[in-house]
Amino acid sequence: MRIIEAHDYEHMSELAANYLIDKIHTNPSMVLGLATGGTPQGTYKHLIQDHQRNHTTYKEITTYNLDEYVGFSADNPNSYHAFMYEKLFGKIDIPSANIHLPNGTAIDLNDECKTYEESIKESGGIDVQLLGMGSNGHIGFNEPGTSFEATTQIVHLAQSTREANARFFHDINEVPHEAITMGIATIMKSKEILLLVAGEAKNEAMRKLVEGEVDESFPASVLNRHSHVTIIADKKALSGVTVR
Ligand code: GLP
């Protein structure tokens, strides 16, 4: 794992956006895996700015998002569909046919998991997967204890994850209990992974990721087994972490 230290959140976002823009210029028809949450929002802002100023085009780009809440349709303002359109897709020139998120309202959710997994495979696989990390080490919505073999699946959200994500809702009771997420195995099949980590609240998770054992009790630790991972983390997240 290559670790790049950023001064702060803003710097991390700028570095991450430049990293992705370079990849897009090299391969304008790449398959990009995307994430939600607070962490990538700054990166998306920079991608939009670059699109407006430098006209980087997304016409040939295909995207797959990591996850979606079960029961939330695309027009639910708290859905990850809505998040992605508001924070990125609505402000760049990506055709909607190229955008993929799991359908949290599919009648047969297990079938939706299979279809999503198949669709990623048929696209040729994810070239670069952007990731954030929960403070309990979750990636996508794969909570501690998730099998490293899991492909796209329905998961029960940890109470700590619901509490962390309650800031995006009026009330914690509105936070769903279930989500559909790419599994750890799905994420690991990406040719390249870009993990963003910022803030003191992620410092302990960062330490476990870099210094700890690879274990299913800390999902992000699996990234130590991937051959092409870049981490861009800010000073607060990296404080006191011994980089091997
Ligand atoms: C959320 C998302 C993850 C995200 C993580 C961290 O629940 N499902 O994809 O990476 O938790 O969120 P944040 O970036 O807001 O700290």
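Preceding this paragraph is the structure being described.
Rules behind the numbers
Along each chain, residues carry numbers from 1 onward, in the same order as the chain's sequence is written. Only residues with pLDDT of at least 70 get local features here, since the model is predicted, and only at 80 or more are side-chain atom pairs given and counted; chain-wide, interface and lining totals rely on the full set of residues. Side-chain figures throughout are based on the complete set of non-hydrogen atoms in the structure, without hydrogens or water. Should DSSP find at least two bridges between two strands, the strands are regarded as paired. We count a stretch as a helix when DSSP gives it H or I for four or more residues in a row; a strand needs E for two or more, and each element gets its number in order from the N terminus. Contacts are assigned to residue pairs that have any heavy atoms within 4.5 Å of one another. An axis is simply a line fitted to the C-alpha atoms; with a helix, the fit covers only the stretch in contact. Between two such axes, the angle follows the N-to-C directions and lies from 0 to 180 degrees. Cavities and pockets were defined on a 1 Å grid built over protein atoms only: a cavity is a set of grid points that admits a 1.4 Å probe from which the probe cannot escape, a pocket is an open set flanked by protein on both sides within 12 Å along at least five of seven lines, and lining residues are those with an atom within 4 Å of any such point. Grid points are joined across faces, edges and corners, and a volume is the space filled by probe spheres set on the points. Residues are grouped as follows: Ala, Val, Leu, Ile, Met, Phe, Trp, Tyr, Cys and Pro are nonpolar; Asp, Glu, Lys and Arg are charged; all remaining types, including Gly, are polar. Between the first and last residue of a helix there are one fewer steps than residues, each counted as 1.5 Å, and that sum is the expected span.

Caption draft 1: Structural context of the sheet that holds strand 5 (residues 99–100). Here we have seven strands laid out as an open sheet, ordered 1-10-9-6-2-3-5, and parallel in their pairing. Bordering the open sheet on either side are strand 1 (2–6) and strand 5, each of which pairs with just one other strand. Here strand 2 (residues 31–34) runs beside strand 6 (residues 128–131); their pairing, made up of two bridges, is parallel. Within the sheet, the bridge partner assigned to leucine 32 lies in strand 6 and is valine 128. Relative to the sheet, helix 4 (residues 109–122) contacts strand 3 (62–65) and strand 5, its axis offset from that of strand 3 by approximately 150 degrees.

Caption draft 2: Highlighting the layout of surface pockets. Space inside the largest pocket adds up to approximately 510 Å³. Thr39, Met133, Gly134, His138 and Lys202 are the residues nearest the centre of the largest pocket, which is lined by 27 residues in total. Of the residues forming the lining of the largest pocket, the biggest block, four residues, is contributed by helix 5 (residues 159–165). A volume near 170 Å³ is recorded for the second largest pocket. If one sorts the elements of the lining of the second largest pocket by residue count, helix 3 (residues 80–87) sits on top with five residues. A class-by-class count of the residues in the lining of the second largest pocket yields seven nonpolar, four polar and two charged.

Caption draft 3: Layout of helix 2 (residues 41–54). Over its 14 residues, helix 2 runs 20 Å from end to end, which matches the ideal 20 Å to within 8%, given 1.5 Å per residue. With its phi angle positive at about 60 degrees, histidine 55 sits one or two positions after the end of helix 2.

Caption draft 4: Spotlight on empty space enclosed by the protein. Inspection of the entire model under this criterion finds one cavity of 30 Å³ or more. Roughly 40 Å³ of volume is contained in the largest cavity. For the largest cavity, the full set of lining residues is Leu32, Leu34, Leu47, Tyr58, Thr63, Leu88, Phe89, Ile92 and Ile94.

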